[in-house]
Amino acid sequence: MPRRSRNEAHGNEASLGLTQAFDAVSDDALVDARARRRAHAADDGADGVPMGLTRAFDPVGGAPADDGDDWMPDDDAWAAELGQAPAAPPAPELDDADEAPRGRHGRHGRVPDEAPGKGRKGRKKDAGDEIPAYLRKSRRMRRILIAVAVILVLLLAAGAYFTWQLVQVAETSASQQAQAHQDQQQAAVLSPDEANDASSATTVKKTTVPNLTALLGLDQDQAIEYLAHGAQVASTREVNEEDNPVRQEVRVALTEEPADARTGTPTVYLGLGEDGLIVQVGYSTSTASLGYGSLSFADAVRNESIIEKTLAEAGVDVDEGSVALPEDKESYSTYDTDGKTLIKEYCSFYGEADVEGTPMQWSAVLSYDYTMANATSNLADTVRTIYVYVGA
């Protein structure tokens with residue numbers, strides 16, 4: 001039987017149609033085909049070697065010389081000639097331990113190979129891995145809430161700290177004021193020796209009160225020359241008060257006298273009348289400069305007779321003990337808004353005296369300022385000042 005090419009088979013008008021290719025083959029045809037294959041196998045090759053698989057697929061028209069028209073194709077060719085579909089190859093037998101062969105997958109089912117040395121984390125995120133908008137918003141909101149919580153904690157901590165500081169300052173201030181008030185009350189009833197603190201124990205007299213009565217009737221220049229001790233005019237003030245003979249007041253600082261840290265240098269006050277002559281003269285200094293130290297207000301007046309002694313130095317003799325402090329302490333005391341903390345003690349004294357047959361009027365002021373002492377809780381920081389005046 002001559003070999004025919006597949007094109008010739010398809011080109012043949014008598015070829016089988018698609019529906020006819022899958023018609024069942026009769027048993028007689030199969031028997032005849034098998035007989036012819038056995039006959040063809042017996043005639044293979046001169047050397048008796050059967051035709052191999054490679055020869056079975058020789059090109060059409062390229063059959064070996066010894067093959068005649070009786071050469072038969074293999075099963076697939078024979079099935080195609082008979083109009084049947086090629087038989088599928090038998091499935092390979094697998095052991096139990098072997099895996100079944102995997103079929104081929106389409107492009108959509110293939111898993112892309114990962115780059116060498118990179119796992120899931122090494123792959124770049126493609127468009128499908130982008131974080132959804134709602135998740136990004138949730139993360140951003142969580143960060144904002146955390147930041148707000150941290151700020152609130154810091155503000156609460158700062159508020160607690162400053163509140164604690166204010167409480168501490170208030171307690172300290174109250175303690176200082178209470179201590180100062182208690183010390184002042186104790187000093188008011190102590191004896192002269194007990195009332196002196198460490199600073200008063202070492203206080204010595206540093207200055208001497210000038211003779212103020214000797215300045216009456218002098219003019220300004222004569223008074224400055226008489227005072228000496230570095231006397232310099234510090235200020236001048238015009239006075240226009242009814243029933244007051246003084247028309248001008250001149251402050252003279254004794255710059256060569258030892259200065260007090262709280263009140264400065266001793267000062268002389270010259271009261272000039274209309275004719276330019278001195279009709280009134282005064283003097284002021286710290287009680288410490290006169291050697292009285294840190295005495296209580298009541299003790300300085302009642303026990304130390306500070307007013308009488310200072311007037312005596314100024315040229316006015318006043319009987320010792322004649323100057324009395326009011327019995328009511330409230331009359332010369334000033335308290336803070338709490339009604340308990342003593343801020344100032346201030347009292348004025350007046351009298352008359354005979355100076356070499358000339359009657360004169362005198363006045364004196366004792367002032368204790370506790371503002372600094374309350375701040376430092378130390379009575380030694382009290383500003384104690386005494387003023388004395390003499391007039392014709």
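Residues numbered from 1 in each chain as written. Predicted model: local features only at pLDDT ≥ 70, side-chain atom pairs only at ≥ 80, totals over all residues. Heavy atoms only, no water.

**A word on the confidence of the model for the chain**
Low pLDDT means the predicted atomic positions in that stretch should not be read closely.
Piece 1. Per-residue confidence for the chain gives a mean pLDDT of 75; residues scoring 70 or more make up 60%.
Piece 2. When mean pLDDT is taken per element in the chain, strand β3 (residues 267-272) scores highest with 96 and helix α7 (residues 192-195) scores lowest with 38.
Piece 3. Here residues 1-23 is modelled with pLDDT under 50, and outside its nearest four sequence neighbours on either side it reaches 26 contacts, counting other chains as well.
Piece 4. This model gives residues 52-73 a pLDDT under 50, and the stretch forms 32 contacts once residues within four places in sequence are excluded. (pLDDT = per-residue confidence, 0-100. Helix = DSSP H or I, 4+ residues; strand = E, 2+ residues; numbered from the N terminus. Contact = heavy atoms within 4.5 Å.)

**A few points about the nonpolar core**
Piece 1. Formed by 47 residues in total, the largest nonpolar core has its most connected members in Val268, Leu270, Val281, Ile307, Phe349, Trp362 and Leu366.
Piece 2. Residues contacting leucine 270, with those up to four places away along its chain left out, are Leu215, Gln220, Ala223, Gln248, Glu249, Val250, Val252, Ile278, Gln280 and Val281. (Core = buried A, V, L, I, M, F, W, Y, C linked by side-chain atoms within 4.5 Å. Buried < 20%, exposed > 50% of the residue type's maximum accessible area, 1.4 Å probe, protein only.)

**Quick look at a positive patch on the surface**
Piece 1. Together, Lys137, Arg139, Arg140, Arg142 and Arg143 make up a positively charged patch on the protein surface.
Piece 2. Within the element layout of this structure, arginine 139 appears in helix α6 (residues 133-189).
Piece 3. Arginine 139 sits in the partly exposed class, given a relative accessible area of 32%. (Patch = residues over 30% accessible without salt bridge, like charges linked within 9 Å, V, L, I, M, F, W, Y side chains within 5 Å. Areas by Shrake-Rupley, 256 points an atom, 1.4 Å probe, with all protein chains shown as cover. Salt bridge = Lys/Arg side-chain N within 4 Å of Asp/Glu carboxyl O. Lys, Arg positive; Asp, Glu negative; His and termini not counted. Charge placed at Lys NZ, Arg CZ, Asp CG, Glu CD.)

**Let's talk about helix α9 (residues 220-227)**
What sets the pattern is the α-helix's 3.6 residues per turn: residues three or four places apart point alike.
Piece 1. The N-terminus of α9 is capped by aspartate 219, whose side-chain oxygen sits 3.4 Å from the backbone nitrogen of aspartate 221.
Piece 2. In the segment just after α9, alanine 228 is the residue with positive phi, at about 55 degrees. (Polar contact = N/O pair within 3.5 Å; in protein donor to acceptor, adjacent residues only side chain to side chain.)

**Comments concerning unusual backbone geometry**
Piece 1. Here histidine 229, not a glycine, exhibits a phi torsion of approximately 50 degrees, which is positive.
Piece 2. Relative to the assigned elements, histidine 229 resides in the loop between α9 and β1 (231-238).
Piece 3. The residue serine 305 is not glycine, and still its phi comes out positive at about 50 degrees.
Piece 4. Mapped onto the secondary structure, serine 305 falls in the loop between α10 (297-302) and α11 (306-313).
Piece 5. The class of serine 305 is buried, set by a relative accessible area of 4%.

**With respect to the packing of aromatic side chains**
The geometry of two aromatic rings is summed up by the distance between their centres and the angle between their planes.
Piece 1. Taken as a whole and judged by the stated rule, the model has five aromatic pairs.
Piece 2. Arranged with centres 5.6 Å apart and planes meeting at 70 degrees, the rings of tyrosine 161 and phenylalanine 162 form a pair that is edge-to-face.
Piece 3. Within the aromatic cluster, the residues linked to one another by ring pairs are Phe297, Tyr332, Tyr368 and Tyr370.
Piece 4. In this structure, arginine 384 is placed above the aromatic ring of tyrosine 368, and the distance from its NZ or CZ to the ring centre is 4.9 Å. (Phe/Tyr/Trp six-rings, centres within 6.5 Å; stacked < 30°, edge-to-face > 60°. Lys NZ or Arg CZ within 6 Å of the ring centre and 35° of its normal.)

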